[in-house]
Amino acid sequence: MTPHTSTDRAARWEERGHADDYLVTSSVHCECCGRMIARHAWIAEAGGAERVFCEPACEQLYRTFWLPRHGGASR
Amino acid sequence: MNSVTSSDTIELTLLHNRLSSICREMGVATMRTAFSPVFNEGFDFVCALFDPGGRMIAQAEYNPSMLGAANFAVKWVLEEIGADAFAPGDVWVHNDPYRGGCHLPEHLVLKGVFHGGELFGFAATIGHVAEIGGRAVGGLAGDATDVYQEGLRLPPVKLVAGGEDVRDVWKILLTNHRTPKLTWGDLHAMLGSLTIAERRLGELLDEHGVTDTMRDTGELMRRSAAWMTREIEAIPDGDYEFTDVMENDGISSDPHQIHVSVCVRGGEVIADFTGTDRQVRGPINATYAVTAAATYNAIFHLTDPLVPRNAGCYQPIRIIAPPGTLVNVVHPGAEVGGNSETHCRIIGVVLGALARALPDRAAAADGATGCNFVFGGINADTGEPYANYHFENVGWGGAANHDGNDAQCAPLAISRNVPVEVFDTRYPFLTRALRLVTDSGGAGRHRGGLGTERVLLVRAPEITVGALFDRSLVPPWGLDGGLPGGTTGITIRRAGDSRFVTFTEAFGTISPTKFSNITVFRGDEIRIVSSGGGGYGDPRERAEELVRRDLRNRYITPAAARELYGVEPAGPSEAAAV
């Protein structure tokens with residue numbers, strides 16, 4: 001698993017995806033890149049809210065690219 | 001490896017070539033032993049090797065759409081089931097588009113490679129299984145409105161356990177496909193490729209050991225990432241935007257927009273598809289893996305082809321694809337044409353955006369459609385079911401320094417044109433014509449490549465057919481003053497009729513180019529026209545000798561020479577060219 005790179009102490013890995021739960025038909029997606037999360041999500045606070053990312057690199061991209069361009073608005 | 005020496009580089013190059021050769025040999029085995037022409041002739045498959053973490057360590061030059069997607073498909077399977085779910089001799093299969101696949105027909109078979117009881121990595125082959133059940137024979141339902149109509153969807157399940165078939169899974173698979181013998185043959189060809197990989201990797205690991213080989217594949221990835229970063233650094237930093245449309249989804253006549261903003265900064269490319277339309281009812285929605293693969297494909301067109309193709313070269317390329325849009329479909333959105341059609345368009349928008357940054361490497365739009373024609377039925381002589389997925393080649397766009405290629409597979413794949421002799425032998429059609437379409441290449445200083453026309457005579461009492469084409473209304477765009485390429489079409493002349501009409505006119509289909517389950521009869525003729533590429537640069541700047549050569553080759557008409565290129569045909573060979 002990728003080392004912790006967030007500046008936020010609360011950032012952590014969590015089991016969020018439910019790809020292996022076949023009773024659930026919805027999916028969880030990275031709030032930066034949009035990729036589906038199969039099992040483990042990187043949870044970090046960004047843009048004033050706790051967000052779900054697929055990896056720390058996506059959290060960084062969210063901070064350095066997404067927020068400056070699109071703000072904190074959801075898609 | 002702390003210091004780099006020339007001997008390191010030579011050793012690493014040899015390792016890279018050896019790993020790539022293993023992937024190529026896997027592909028040759030697949031091609032030679034599969035039952036379907038889509039494998040034997042169409043090369044619609046890919047073979048690659050991965051490390052225990054799911055990072056690609058090598059690939060061969062087969063279908064690039066699947067290569068890009070394989071990065072996601074393998075990682076997602078490992079994330080979901082865990083690498084420890086693999087025992088020696090196990091093979092897992094899945095074709096779930098929402099789990100990293102490109103579209104439902106493409107099945108991934110994945111096998112752990114062990115050496116001395118230790119997991120070295122994985123061998124993977126992805127192949128397009130031509131018939132997967134669902135509402136349309138041949139797997140590409142042009143009017144599907146959810147994934148359940150598109151065929152049998154398999155999450156990651158074990159197909160082989162310890163070298164023995166998991167018969168219950170095979171039973172489910174073969175019962176739900178219309179042509180079980182083909183599925184059995186094609187999947188076994190793919191399984192054979194994994195055995196080849198296992199054997200060849202075993203030989204490599206006997207010589208070099210697991211630890212050293214893993215260290216060196218890691219170094220190859222690092223070097224590949226660094227090389228790709230340098231390639232991207234050579235592109236001027238900036239934001240480059242482009243928009244194109246899918247002309248309709250087969251369910252309504254509305255066009256749907258694909259928008260990209262490509263940000264190049266500090267050796268990294270970020271392709272942000274925010275602003276793309278929401279996902280649609282029809283089957284043109286692309287999966288995340290499609291969008292990523294298409295973006296990689298476009299970037300690879302613009303960078304050094306010698307960069308080793310492993311996980312490293314993908315690393316500096318980031319993709320943002322909002323879920324629930326045309327470029328990142330969510331369950332249960334229909335998606336089968338998102339690969340064959342929308343995939344091409346996504347490559348095009350990324351290339352279109354970067355044309356501003358790299359005008360000397362830019363090209364106009366290619367034909368950008370698979371012109372997918374699917375058909376099947378029961379063989380009247382043998383009583384056996386048959387089905388086929390057929391696609392056409394298109395013209396490529398004129399580029400800054402050359403004309404576009406004629407009749408070449410759209411850039412999402414490297415598939416070959418199925419020979420007429422093979423097609424007519426395997427299926428109850430007679431190919432009455434297969435030729436380049438005059439004037440279908442967009443005019444330009446560098447002309448777009450030509451599309452094709454194919455006319456098929458139905459020889460069976462009846463055949464069920466379907467189609468999934470785009471670019472029938474919105475032509476491939478020209479660049480820098482070049483003109484658009486020709487559009488696609490599929491029409492039918494019923495036995496005894498004198499003219500070709502659209503399927504909408506003949507059968508009342510909603511879309512003339514996206515439909516399924518139409519029955520045609522002996523004596524009917526089907527005409528398929530593929531798109532040409534857009535032209536590059538002002539046609540009036542095209543060298544006169546090239547215009548005259550095109551006239552003599554019947555690539556353009558005398559009228560086009562005169563009106564578009566300003567060249568008056570001379571002599572009978574030019575004036576009566578068509």
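Owing to the predicted nature of the structure, the values given are computational and were not obtained by experimental measurement. Residue positions are given per chain, counting from 1 as you read along its sequence in written order. Naming scheme: in the order in which they are written, chains are lettered from A and ligands are numbered from 1. With the structure being a predicted model, the display of local features is reserved for residues of pLDDT at least 70 and the display and counting of side-chain atom pairs for 80 or more, all residues being used for whole-chain, interface and lining totals.

What about the overall build of chain A?
Each helix and strand counted, chain A has one helix and three strands in total. Helix numbering and strand numbering both begin at the N terminus, where a helix is a DSSP run of H or I of at least 4 residues and a strand a DSSP run of E of at least 2. Moving toward the C terminus, one meets the helices and strands of chain A in the order β-β-β-α. Here chain A holds 75 residues, and 33% of them are scored as buried. Pairs at least 24 apart in sequence give 41% of the contacts found in chain A among residues at least 6 apart. In this scheme every C-beta is placed from the backbone, and a residue whose C-beta has 20 or more other C-beta atoms within 10 Å is buried, one with 12 or fewer is exposed, and one in between is partly exposed. Remark: residues whose backbone-derived C-beta atoms lie within 7 Å of one another are considered to be in contact.

Here we look at the overall build of chain B
Helices and strands together make up the secondary structure of chain B, namely 14 helices and 20 strands. Taking 2.2 N^0.38 as the reference for a compact globule, 578 residues should give roughly 25 Å; the C-alpha atoms of chain B span a radius of gyration of 24 Å, in line with that estimate. Each of the three principal axes of chain B carries a C-alpha extent, and together these read 75 × 60 × 40 Å. Relative to its 578 residues, chain B shows a buried fraction of 60%. Within chain B, contacts between residues separated by at least 24 positions form 75% of all contacts whose residues are at least 6 apart in sequence. Radius of gyration: C-alpha atoms only; globule rule: 2.2 Å multiplied by the number of residues to the exponent 0.38.

Re the packing of helix 5 (residues 180–208) of chain B against helix 6 (residues 210–233) of chain B
Residue and element names in this part refer to chain B. Angular values range over 0 to 180 degrees, each being the angle between N-to-C directions of two axes fitted as lines to C-alpha atoms, with helices fitted over their stretch in contact. It is the contact of helix 5 with helix 6, at a shortest axis distance of 7 Å, that shows an interaxial angle of 105°. In terms of orientation, helix 5 and helix 6 fall into the roughly perpendicular class. Between helix 5 and helix 6, the contacting residues are Leu-204, Leu-205 and His-208 on the first element and Val-210, Asp-212 and Thr-213 on the second. Within the contact of helix 5 with helix 6, the residues separate by chemical class into three nonpolar, two polar and one charged. An angle counts as roughly parallel when it lies under 35 degrees, as roughly antiparallel when it exceeds 145, as roughly perpendicular when it falls between 65 and 115, and as oblique in every other case. Put simply, Ala, Val, Leu, Ile, Met, Phe, Trp, Tyr, Cys and Pro go in the nonpolar bin, Asp, Glu, Lys and Arg in the charged bin, and everything else, Gly too, in the polar bin.

Digging into the nonpolar core
In this structure, Ala48(B), Leu49(B), Ala70(B), Ala73(B), Ala124(B) and Val350(B) are the most contacted members of the largest nonpolar core, which totals 191 residues. Residues in contact with Ala124(B), not counting those within four places in the same chain, are Ala48(B), Phe50(B), Ala70(B), Val74(B), Leu108(B) and Leu110(B). A set of buried residues qualifies as a nonpolar core if it consists of Ala, Val, Leu, Ile, Met, Phe, Trp, Tyr and Cys joined through C-beta atoms within 7 Å.

Considering the interface of chain B and chain A
Every contact between the two is made by 17 residues of chain B and, on the other side, 17 residues of chain A. Of the residues in the side of chain B that touches chain A, the class split is ten nonpolar, three polar and four charged.

Description of the environment of Ala357(B)
Residues and elements named next belong to chain B. Its location among the elements puts Ala-357 in the loop between helix 9 (336–354) and strand 12 (372–378). In the structure, Ala-357 is positioned 113 residues away from Asp-244 in sequence and 18 Å away in space, judged by C-alpha atoms. Not counting chain neighbours up to four residues away, the residues in contact with Ala-357 comprise Ile-235, Pro-236, Gly-238, Tyr-240 and Val-264.

A short note on the domain arrangement of chain B
Partitioning chain B into structural domains gives domain 1 (6–226), domain 2 (366–534) and domain 3 (543–578). Here the C-alpha centroids of domain 1 of chain B and domain 3 of chain B sit 49 Å apart. The start and end points of each domain follow an automatic or database-based domain assignment.

Side note on the sheet that holds strand 17 (residues 489–493) of chain B
For two strands to be treated as a pair, DSSP must find no fewer than two bridges joining them. Read from one edge to the other, the open sheet built from five strands follows the order 14-15-20-17-18 (chain B), with strand pairing classed as antiparallel. Two strands in the sheet have a free side with no partner beyond their single neighbour: strand 14 (429–436) and strand 18 (501–502) of chain B.

Comments concerning the confidence of the model for chain A
The quantity called pLDDT is the predictor's confidence in a given residue, expressed from 0 to 100. Here chain A averages 86 in pLDDT, and 83% of its residues register 70 or above. Low pLDDT (under 50) marks residues 1–6 of chain A, which in the prediction has eleven contacts with non-local residues, meaning those over four places away or in another chain.

Quick look at the environment of Arg32(B)
Take Arg32(B): it is sitting in helix 1 (residues 6–33). Sequence spacing of Arg32(B) and Ala189(B) is 157 residues, and the spatial spacing of their C-alpha atoms is 8.1 Å.

Side note on the sheet that holds strand 19 (residues 514–521) of chain B
Strand pairs in the sheet, formed through backbone hydrogen bonds, run parallel or antiparallel to each other. All names here are of chain B. Taken together, four strands build an open sheet; the order of strands is 13-12-16-19 and the sheet is antiparallel. Of all strands in the sheet, those bounded by a partner on one side alone are strand 13 (385–390) and strand 19. The average angle at which neighbouring strand axes cross in this sheet is 15°, direction not considered. Summarising the sheet, strand 16 (residues 462–468) and strand 19 pair through six bridges and their orientation is antiparallel. Looking at strand 19, one finds that Ala-467 is bridged to Phe-515.

Structural notes on the pairing of strand 9 (residues 256–265) of chain B
All names here are of chain B. Pairing of strand 8 (residues 238–246) with strand 9, which is carried by nine bridges, proceeds in the antiparallel orientation. The partner of Thr-243 across the bridge, within strand 9, is His-259. Across five bridges, the pairing between strand 9 and strand 10 (residues 268–272) is antiparallel. If you follow Val-264 over to strand 10, its bridge partner there is Val-269. Hairpin connection, strand 9 to strand 10: the antiparallel pair is bridged by two residues, and Gly-266 has positive phi, about 50°.

Topic: the packing of helix 7 (residues 288–302) of chain B against helix 9 of chain B
Residues and elements named next belong to chain B. For the pair helix 7 and helix 9, interaxial distance at closest approach is 8 Å and the crossing angle is 45°. Between helix 7 and helix 9, the angle falls in the class oblique. As helix 7 packs across helix 9, the resulting crossing turns out to be right-handed. Only Gly-338, Asn-339, Thr-342, His-343, Ile-346, Ile-347, Val-350, Leu-351 and Leu-354 of helix 9 make contact with helix 7, whose side of the interface consists of Val-290, Thr-291, Ala-294, Thr-295, Asn-297, Ala-298, His-301 and Leu-302. In terms of residue class, the contact of helix 7 with helix 9 is made up of nine nonpolar, eight polar and no charged. Left-handed is the label given to a crossing in which the near helix is rotated counterclockwise from the far helix by less than a right angle, and right-handed is the label when the rotation is clockwise.

Topic: the pairing of strand 12 of chain B
Residues and elements named next belong to chain B. Counting buried residues along strand 12, six of its seven residues qualify, which places the element largely inside the surrounding structure. In this sheet, strand 13 lies alongside strand 12 in antiparallel orientation, the contact comprising six bridges. Bridging across to strand 13, Phe-375 finds its partner in Asn-388. Connecting the antiparallel pair strand 12 and strand 13 is a turn made up of six residues, with Gly-383 showing a positive phi of about 75°.

Quick notes on helix 1 (residues 56–70) of chain A
One turn of the α-helix equals 3.6 residues, which is why residues spaced by three or four share an orientation. Multiplying 1.5 Å by the helix residue count minus one yields the expected span of that helix. With 15 residues, helix 1 of chain A ought to run about 21 Å at 1.5 Å a step, and its terminal C-alpha atoms sit 19 Å apart, in line with that. The sharpest bend along helix 1 of chain A measures roughly 40° and falls at Tyr62(A). Listed in full, the buried residues belonging to helix 1 of chain A are Cys58(A), Glu59(A), Leu61(A), Tyr62(A) and Trp66(A). The inward-facing, buried residues of helix 1 of chain A contact strand 2 (40–46) and strand 3 (49–53) of chain A together with strand 11 (317–320) of chain B. Gly71(A) sits one or two positions beyond helix 1 of chain A and adopts a positive phi of about 70°. Throughout, bend refers to the angle between the axes fitted to the seven residues that end at a position and the seven residues that start at it.

A few points about helix 12 (residues 544–552) of chain B
All names here are of chain B. Along helix 12, the positions that sit buried rather than exposed are Val-547, Arg-548, Asp-550 and Leu-551. Buried residues in helix 12, looked at end-on, bunch into an arc of 155°, giving them a common side. On the buried face of helix 12, the contacting elements are helix 13 (558–563) and helix 14 (571–575). One or two positions beyond helix 12, positive phi appears at Arg-554, with a value near 65°. Note: the arc covers the axis-to-C-beta directions of the helix.

A few points about unusual backbone geometry
Residues and elements named next belong to chain B. Following His-331, the chain continues into Pro-332 via a peptide bond in cis, with omega recorded as 5°. Tracing the sequence through the fold places Pro-332 in the loop between strand 11 and helix 9. A positive phi angle, close to 55°, is found at Asp-480, a residue other than glycine. Tracing the backbone shows Asp-480 in the loop between strand 16 and strand 17. The exposure class assigned to Asp-480 is partly exposed, which follows from the 17 C-beta atoms found within 10 Å. In the Ramachandran plot, Asn-517 falls in the positive-phi region, its phi being about 60° despite a non-glycine side chain.

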